[in-house]
Amino acid sequence: MFYPDQYDVSTCDGTWTFGGASYFVTPYPGYSFPEGAPQAVWLNEAFNDTVRDGPRTRGEMTRQLDGLTEGRVYKVSVDAAWHDDSPGDTYLGMSLGTETPPPLLIQDGSVARTISAELCARSTSLLLKLYEAGTNTNGASPVLTNVSLEEKSTPCQFTVTFESNGGSAVAPQTVNYNLEATQPTPPTFGTQAFGGWFTDIARTIPYDFATPVTNDITLYANWVPGYSVGGGVTGMNAGSNLVLLNNGGDALPLGANGAFTFPVQMANASHYLVTVGTQPTGQQCDVTRGSGTIQGANVTNVLVTCQSIYTLGGTLSGLGQGATVVLLDNGGDPLTMNANGSFTFATSMVGGSPYAVTVGTQPQGQTCTVAQGSGTIQSANVTNVQVTCVANVYTVSGTVTGLAPGAAVVLLNNGVDALSVGADGAFHFMASLSDLAAYAVTVGTQPKDQICTVATGAGNIAAANVINVAVTCRGTRDIDGPDDAKPVPFTSQTALLLMVGLLGLLGARGLRRR
């Protein structure tokens, strides 16, 4: 079906390198290679080549592949369906770097078939190798053409197998290339304690689960003499359910008071820590003597005590639209409220516990106060805490100076809230204002013979009382100018002086006429 036409072939277009019993072949007349390929490569079995006078190793062809995606699956396909003069099945070996799948079967016959294998690229640059992998039972060997490489979209995956060595079964894991296996729940084995996973059958090399997986691996369980951890439960209500944990695992469900023992045995000198995984409804269970180190004996003195728990809450009223207040219980357990109504703190409390509800953060522009907010938890939920919020208000005040004795001035704020002040000193308007509200102090009625003026009397409330309004009063003469510029009062003495001056003037005129 083909002619071997080149015996000493070493390369093909500088891409493939050939070794051993490798030959270029052309088809017999009437035959053709797939897709009209003019030549194929015959990878013969190892033999003593009498034509070229020398022994030859099994035929192989290799090619260096660069630019691969590390950790990605690649599919290698090849047309291979012929044998030489010896009938029978044969096999094609294939490898990509260190990845070597089982040899591919090439069935006896002359019908062209495409065979393929998927391999994992463990590096970006690897050697692809195809080689004769037949048995010695016949002389059949593969003839190949049209080799192709396809990058798949899937990552390489490997199997981590767990051999529990007599213990309970552990399911295998499928792990993507270069990722880590998940440490499984330890198996159990009677009274033996689990001693870790090892990479060798002799269990001398511990496995580190932080190691990236790049191959199929088998891990072996190690077993050592074991000791149990247990104790007793008291105070749990009938019909309740409690779950205990040892070192965060080995969950132990309990439905009644009494003795308990965790199912997983522990090795000597190992640490144990008993905690509550799930509390019973309406109760709080606390663990004492729950941690320590195994000292060559079973641990039997862990004590779990359960008590009923109660909620703390009440009612919020007066909170403004869009406002937020934060409540605290005993300085913690913050509860944020943004609407009026009932409230309950998240943390329940056992009977006999003190509580003290306070305001942690006041709402903007409001002040909230707490009534009936402290006490001791009895055998019931607390529901009567009252939190009342009111808007913050501020006063406007100041000082009057210069007011004449017995005089009075009437001041106004924003044209209203009339305030009569009858003496120097401090004053304050009766009406309060909310935060950011405007204020404007003016004189509504001036005192008699005085003029009062206002300084720093207008502005907006800034979350504080206004105390710096200044009202200054002065007499009207003080306002007109100095005394020598004012008119002289007309008195009887003034009139007499004018009469004498006038008579003197008339007498002087009579003497001049004579």
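These figures come from a predicted structure and were not determined experimentally.

What follows is about the side chain of Ser164. Summarising the element assignment, Ser164 is placed in the loop between strand 15 (157-163) and strand 16 (173-176). Of note is the side chain of Ser164, whose polar atom sits 3.3 Å from the backbone oxygen of Ser168. Contacts of Ser164, omitting those with residues within four sequence positions, involve Ala169, Pro187, Trp197, Ala221 and Trp223.

Let us now look at the nonpolar core. Note that soluble globular proteins tend to have their nonpolar side chains buried in a common cluster. Core analysis: the largest hydrophobic core is formed by 25 residues, its most contacted members being Met61, Leu92, Met94, Leu130 and Leu144. Elements with a minimum of two residues in this core: strand 3 (16-19), strand 5 (40-43), strand 8 (60-65), strand 9 (72-82), strand 10 (90-96), strand 11 (104-106), strand 12 (114-120) and strand 13 (126-132). Every residue in contact with Leu130, bar those within four places of it in the chain, is listed here: Trp16, Leu43, Gly59, Glu60, Met61, Val76, Leu92, Gly93, Met94, Leu144 and Val147.

All right, on to the pairing of strand 13 then. For strand 13, the tally of buried residues reaches 5 of 7 residues, placing the bulk of the element in the interior. Of the pairings in the sheet, the one linking strand 8 to strand 13 comprises 6 bridges and is antiparallel in character. Pairing of Arg63 across the sheet is with Leu128, part of strand 13. Here 5 bridges tie strand 10 to strand 13, and the two strands are oriented antiparallel to one another. Directly across from Leu92, in strand 13, lies its bridge partner Glu132.

Side chains carrying opposite charge are able to pair once their charged atoms draw close together. Within this structure, the stated rule accounts for 4 salt bridges. When the shortest N-O distance is used, the salt bridge between Glu99 and Arg122 registers 2.4 Å. Note that Glu99 is positioned in the loop between strand 10 and strand 11 and Arg122 in the loop between strand 12 and strand 13, a separation of 23 residues in sequence. Among the residues examined, Glu99 registers a relative accessible area of 17% and is labelled buried. Owing to a relative accessible area of 17%, Arg122 belongs among the buried residues under this scheme.

In this fold, Asp200 is placed in the loop between strand 17 (192-198) and strand 18 (217-227). No salt bridge is formed by the buried Asp200; the nearest opposite charge belongs to Arg203, separated by 7.3 Å. There is a polar contact of 2.5 Å between the side chain of Asp200 and the side chain of Thr204. Apart from residues no more than four positions distant in its own chain, Asp200 is found in contact with Ile205 and Tyr220.

A few words on the state of the cysteines. A full pass over the atoms with the stated rule returns 4 disulfides. One disulfide in the model links Cys285 with Cys306; its S-S distance is 2.0 Å. When the S-S torsion is 105°, as for the bridge of Cys285 with Cys306, the disulfide is right-handed. Of this pair, Cys285 sits in strand 25 (residues 283-288) while Cys306 sits in strand 27 (residues 299-310), placing them 21 residues apart in sequence. Of the two residues examined, Cys285 and Cys306, each falls in the buried class. Here Cys452 connects covalently by a disulfide to Cys473, the sulfurs 1.9 Å from one another. Handedness of the Cys452-Cys473 disulfide follows from its S-S torsion of about 105°: it is right-handed.

Conventions and cut-offs
Per chain, the residues get numbers from 1 upward, laid out in the order the sequence is written. Per-residue local features of the predicted model are confined to residues with pLDDT of at least 70, and side-chain atom pairs are confined, for both listing and counting, to 80 or more; whole-chain, interface and lining totals are unaffected and use all residues. Where side-chain values are given, they derive from all heavy atoms of the structure, hydrogens and water being excluded. In this text, helices come from DSSP runs of H or I with a minimum length of four residues, and strands from runs of E with a minimum of two, each type numbered from the N-terminal end. We define a polar contact as two N or O atoms separated by no more than 3.5 Å, with the added condition that, inside protein, one atom must be a possible hydrogen donor and the other a possible acceptor, whereas residues neighbouring each other in sequence contribute only through side-chain atom pairs. Any two residues having at least one pair of non-hydrogen atoms within 4.5 Å are treated as being in contact. The criterion is simple. A nonpolar core is a set of buried Ala, Val, Leu, Ile, Met, Phe, Trp, Tyr and Cys residues joined through side-chain atoms within 4.5 Å. Buried, partly exposed and exposed residues are distinguished by accessible area as a fraction of the type maximum, computed with a 1.4 Å probe on protein chains only: under 20%, between the cut-offs, and over 50%, respectively. Strand pairing is defined by DSSP finding a minimum of two bridges between the two strands. In what follows, salt bridge is the name for a side-chain nitrogen of Lys or Arg lying within 4 Å of a carboxyl oxygen of Asp or Glu. Counting rule for charge: Lys and Arg are taken as positive, Asp and Glu as negative, and neither His nor the chain ends is counted. Two cysteine sulfurs form what is called a disulfide whenever their separation falls within 2.5 Å.

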